[in-house]
Every structure is written in C-alpha cells, then in structure tokens.
Amino acid sequence: QVQLTESGGGLVQPGGSLRLSCAASGRIFNARAMGWYRQAPGKQREAIATISSGGTTTYADAVKGRFTISRDSAKNTAYLQMYNLKPEDTAVYYCKFDYGFSLTTWGQGTQVTVSS
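Structure report, in brief. (Residues numbered from 1 in each chain as written. Predicted model: local features only at pLDDT ≥ 70, side-chain atom pairs only at ≥ 80, totals over all residues. Heavy atoms only, no water.)

Quick word on the sheet that holds strand S1 (residues 2-7)
- Strand order in the open sheet formed by four strands is S1-S3-S8-S7, and the pairing between neighbours is antiparallel. The open sheet is flanked by S1 and strand S7 (67-72), the only strands paired with a single partner. Strand-to-strand twist in this sheet, taken as the mean axis angle between neighbours without regard to direction, amounts to 15°. (Pairing = 2+ DSSP bridges. Helix = DSSP H or I, 4+ residues; strand = E, 2+ residues; numbered from the N terminus. Axes fitted to C-alpha atoms, helices over the stretch in contact; angles between N-to-C directions.)

What follows is the structure, encoded as structure tokens:
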C-alpha cells in the first residue's frame, strides 16, 4: 500500500509564496504521474498541476506563470512552488500519485489560506 504525506501549507499574505511537498512511501512500483489538486469551500476539486514520470508538466490556466510543479523521482516526492498567491488560491490542496498499471492514491490534504 502506498501513502502520501503532504506538508507546507499555511497562512500567507497576498503576493506571498509557499512550497508544498508530497512524499510517497510504501510499496511503490512503476511510479507514473503526480499531481496537485485543490478544493475551495463550496467548489469541486480541480486539477492545478501535473507532472509525468518523464517530467512533462501541465497547469491550469488559473495558476500558469505563478505555480511550478517538480518532482524528485529518486525520493518519490513532488513539489508545488507557489508564487504571487491570491485570495482565490485559498483551498485545501491535495496530492495525487498514479503508480502500478492503474493504481492511484491521494494525500490527506493541506490547507492553504491567502489572506491579509
């Protein structure tokens, strides 16, 4: 079984930065894509950034140019560097990890609050 441990969330002022981390542990084989999603109160969970095993990245329009996803494959860890944070970025951020042939696991979520 694979578990994800997220960290790095918190309270930040508008214009500030945060870096989220997501570490996978357990019986990992055939690591595939990793991604970050977020869910704001009263809204559906949305994908904001993904990175393939080969390093190909995708971003939601709302975060392009402000967020950067990266991964350390040796550590099975993904990162989300967030710059120029806005109040509308406030949400619970979740990490997703695809592995094996069709397996997926989610992190427990970490709160990001952007407020003055």
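The discussion continues.
Quick look at the pattern of salt bridges
- All told, the structure shown has five salt bridges when counted by the stated rule.
- A salt bridge links Asp89 to Arg66; the shortest N-O distance between them is 2.8 Å. Remark: Arg66 occurs in the loop between strand S6 (57-59) and S7 and Asp89 occurs in the loop between strand S8 (77-82) and strand S9 (91-99); sequence separation between them is 23 residues. Exposure class is identical for Asp89 and Arg66. Each is buried.
- Linked by salt bridges that have partners in common, Arg38, Glu46, Arg66 and Asp89 make up one network. (Salt bridge = Lys/Arg side-chain N within 4 Å of Asp/Glu carboxyl O. Buried < 20%, exposed > 50% of the residue type's maximum accessible area, 1.4 Å probe, protein only.)

Examining the nonpolar core
- One finds Trp36, Phe67, Leu80, Met82 and Tyr93 to be the most contacted residues of the largest nonpolar core, which totals 28 residues.
- Those elements that provide at least two residues to this core are S1, strand S3 (18-26), strand S4 (34-39), strand S5 (46-51), S7, S8, S9 and strand S11 (110-114).
- A per-element tally of this core places S9 first, with five residues.
- In this structure, Phe67 is in contact with Arg38, Ile48, Tyr59, Leu80, Gln81, Met82, Tyr83, Leu85, Asp89 and Tyr93, ignoring residues within four places of it in sequence. (Core = buried A, V, L, I, M, F, W, Y, C linked by side-chain atoms within 4.5 Å. Contact = heavy atoms within 4.5 Å.)

A closer look at a nonpolar patch on the surface
- A cluster of nonpolar side chains, Phe29, Phe101 and Leu103, forms an exposed patch at the surface whose accessible area comes to about 360 Å².
- The topology assignment puts Phe101 in the loop between S9 and strand S10 (103-106).
- The exposed category is assigned to Phe101, whose relative accessible area is 77%. (Patch = residues over 30% accessible without salt bridge, like charges linked within 9 Å, V, L, I, M, F, W, Y side chains within 5 Å. Areas by Shrake-Rupley, 256 points an atom, 1.4 Å probe, with all protein chains shown as cover.)

Examining the environment of Lys75
- Turning to its location among the elements, Lys75 is positioned in the loop between S7 and S8.
- Relative accessible area serves as the criterion here: at 55%, Lys75 is assigned to the exposed category.
- For the pair Lys75 and Thr110, spaced 35 residues apart in sequence, the C-alpha separation works out to 20 Å.

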